[in-house]
Amino acid sequence: MSMTKGFVTMVLMLAGALTMAQDIPVNYNLGDNYSDRYKYSTVLTIDSPNNGQTVLVRTYYGGFPLHPKGYFIEIYDEGLNLITDYNYKYAGDHMVDGFVKNGQLYLLELVYNYDRAAYQYVVHHSSLESFSFSETILLSIPSKEVLNPLAVNKYNRNFGNGFSTATYFNDERSAFAITVHFREGREQKYEVYLYGTDLKPQFAYDFSSEVEDKNYAFENIEVSKDLKTLYMMGKAYFKKRRMDATERRFQYELVRFDAQGHKIQEFNDAGRFPESLKPILVDSSLKIVGFYADRKDNRYNGLVYFELDKDSLAISSKKYNAFSQQFMKDKFGREVDTEVKNLIFKDVHLTPYHNILFSAEEYFVSKGEDISSGHTQITERYHYNDIVLAKLNAQGDMEWARNINKTEVTQGDASYASYTAFGKGEDMYFFINSGENPQKIGNERILFKQGYSRNPNMFVIKVNAEGNLSYQKLVDDKEVRLPIMVSRAYIDKSNDNLLFYAKRGTKKQMIRVLVN
């Protein structure tokens, strides 16, 4: 049985004078705390079959070293009660994603078929009413086996291993694209496939002619409502071109695919270097938002906006918006000429007036030494720091930009770090984990800092239409005694709520957050 909890009022302005604000219109329900048989697991997907239920799929691990042993499926009702579960005892090494469609659960996996000497995308599917999985081969590509076939790090792509593939879902999760870069004899091949989440193929396209001179590392996609047109945005790395000291070895390109052909739009204005570009279809127009720098490194100066013809990709409007004085004061405490870098796109929200709320996170990877095992080992640490939010009006002019100071670092499951963004009307909400109280860092600024407690609190930050920021603690670690997977929420926009999963060891719990 679920129970409704109130929340602690603790509202301060993140910049400017500390001013009391009205309560943020957010509350939450707690599901029961359940025992769980799998201590080591990660969430593969959270989805809903549109009947009020929630389907959660976890990969669980065992052995030494830990490796996937199977997939545990849980179904919760509208009251957050666990009504059934199922153990799919299949140890897949490269399960890519999962989704629910028409009462069926689909798990998408990349496997290597030794008999056919080919990589295959295989779909494991079962009815949610009665679990019994079958397998369907979606795609098969002849290739030798390679060490890392999945191009999972799209910001640092390795093109030299002979086979590389990636999967991209659109924001609505109504479709997904698969790219495959491989060798066929002495030639390099690059193929693009588009599928609906009903698994119907929309088209397959041979893009090999373009990879003779460039390698493509796509980052974001957009798909037309009829699923007949695919837009892919990413970095095109030059293979043969000689570069001078002021140039980067890549440029951002938007590629439009359909069954008849492709078109390319390059973003290479002299002295301007776009980053983290995101395509958005708005009615009959195609808009691009992202960041830009005036040097070839990733030190950003502001936001960029393009408007394109959705068929020809011709640019009809472009605007470069420098970061405001308010933004620099948010981030650094004063207006200074310093670095804004390592920003990774996270979320975009279109308001009822066609304004664009664009958010990103300061993300980077560092290396360090770990001596816990008795000998020195080099480890990677993943940093999830400040949140950047900007508002562009319907014509692409920046109305404001704000910085939310945050610092988190993890070596393990990133589900507990970063944030989930939710847009409603002209407002934006951010859900983050933090220590008990944000740290004051001078000039009326605060820093949300990773807590040392194993049960960090969940905070909500609201940014209203004018760019004013307020926050409050939403879920106290004394009420939910499990850490919340704050960056893996299921977002139900039609009902203005979000579902979060909390887990540690052999205990688990669901939390529903409602934005009123």
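Residues numbered from 1 in each chain as written. Predicted model: local features only at pLDDT ≥ 70, side-chain atom pairs only at ≥ 80, totals over all residues. Heavy atoms only, no water.

Chemist: Before we go on, may I ask you to explain the overall build of the protein in this structure?
Modeler: The number of helices and strands found in the protein is 1 helix and 37 strands. Computed over the C-alpha atoms, the radius of gyration of the protein is 23 Å, within 12% of the 24 Å expected from 2.2 N^0.38 for a compact globule of 516 residues. With respect to the principal axes defined by its C-alpha atoms, the protein has extents near 65 × 55 × 55 Å. A burial count over the protein gives 55% of its 516 residues as buried. Counted over contacts in the protein with a minimum sequence separation of 6, partners at least 24 positions apart contribute 51%. Here the protein has roughly 23,000 Å² of accessible surface; of this, 45% comes from carbon and sulfur atoms. One finds the centroid of the 63 positive side-chain charges in the protein at a distance of 4 Å from the centroid of its 66 negative side-chain charges. (Helix = DSSP H or I, 4+ residues; strand = E, 2+ residues; numbered from the N terminus. Rg over C-alpha atoms; globule rule 2.2 N^0.38 Å. Buried < 20%, exposed > 50% of the residue type's maximum accessible area, 1.4 Å probe, protein only. Contact = heavy atoms within 4.5 Å. Areas by Shrake-Rupley, 256 points an atom, 1.4 Å probe, with all protein chains shown as cover. Lys, Arg positive; Asp, Glu negative; His and termini not counted. Charge placed at Lys NZ, Arg CZ, Asp CG, Glu CD.)

Chemist: So what exactly am I meant to see when it comes to the sheet that holds strand 11 (residues 134–142) here?
Modeler: Strand pairing in a sheet takes place through backbone hydrogen bonds and is either antiparallel or parallel in direction. Here 4 strands make up an open sheet; going across it, the order is 8-9-10-11 and the pairing antiparallel. Of all the strands in the sheet, the pair left with one neighbour each is strand 8 (95–101) and strand 11. The sheet shows a mean angle of 20° between the axes of neighbouring strands, taken without regard to direction. Sheet analysis places strand 9 (residues 104–113) next to strand 10 (residues 118–127), joined by 10 bridges and oriented antiparallel. Following the sheet pairing, Asn113 is matched in strand 10 by Ala118. (Pairing = 2+ DSSP bridges. Axes fitted to C-alpha atoms, helices over the stretch in contact; angles between N-to-C directions.)

Chemist: I'm lost on the nonpolar core in this one. Help?
Modeler: It is characteristic of soluble globular proteins that their nonpolar side chains tend to be buried jointly. If you look at the biggest cluster of nonpolar residues, it comprises 23 residues, and the most contacted ones within it are Val289, Phe291, Leu303, Phe323, Phe327, Leu343 and Ile356. Counting residues per element, the ones that place at least two in this core are strand 20 (273–282), strand 21 (285–293), strand 22 (302–308), helix 1 (325–332), strand 24 (343–350), strand 25 (356–370), strand 26 (377–392) and strand 27 (398–404). (Core = buried A, V, L, I, M, F, W, Y, C linked by side-chain atoms within 4.5 Å.)

Chemist: I tried to follow helix 1 on my own but got confused; where do I start?
Modeler: Along an α-helix, residues three or four positions apart point the same way, because every turn accommodates 3.6 residues. Considered for burial, the residues of helix 1 that qualify are Phe327, Met328, Asp330 and Lys331. All buried residues of helix 1 lie within an arc of 155° about the axis, which places them on one face of the element. Tucked into the core, helix 1 has its buried residues touching strand 25, strand 26 and strand 27. The N-cap residue of helix 1 is Ser324: its side-chain oxygen and the backbone nitrogen of Phe327 are 3.2 Å apart. (Arc of directions from axis to C-beta. Polar contact = N/O pair within 3.5 Å; in protein donor to acceptor, adjacent residues only side chain to side chain.)

Chemist: What is the right way to look at the sheet that holds strand 7 (residues 82–88) in this model?
Modeler: Spatially, 4-5-6-7 is the arrangement adopted by the 4 strands of the open sheet, whose pairing is antiparallel. The sheet terminates laterally at strand 4 (41–47) and strand 7, the two strands that pair on one side only. Geometrically, the sheet is characterised by an average inter-axis angle of 20° between neighbouring strands, direction not taken into account. In terms of strand pairing, strand 5 (residues 54–62) meets strand 6 (residues 67–76) through 9 bridges, oriented antiparallel.

Chemist: I would appreciate a short explanation of the side chain of Lys189 in the present structure.
Modeler: Tracing the sequence through the fold places Lys189 in strand 14 (residues 187–196). On the accessibility criterion, Lys189 (12% relative accessible area) is buried. Within polar-contact distance, the side chain of Lys189 engages the side chain of Asp206 at 3.0 Å. If sequence neighbours within four positions are ignored, Lys189 has contacts with Val180, His181, Phe182, Glu184, Asp206 and Ser208.

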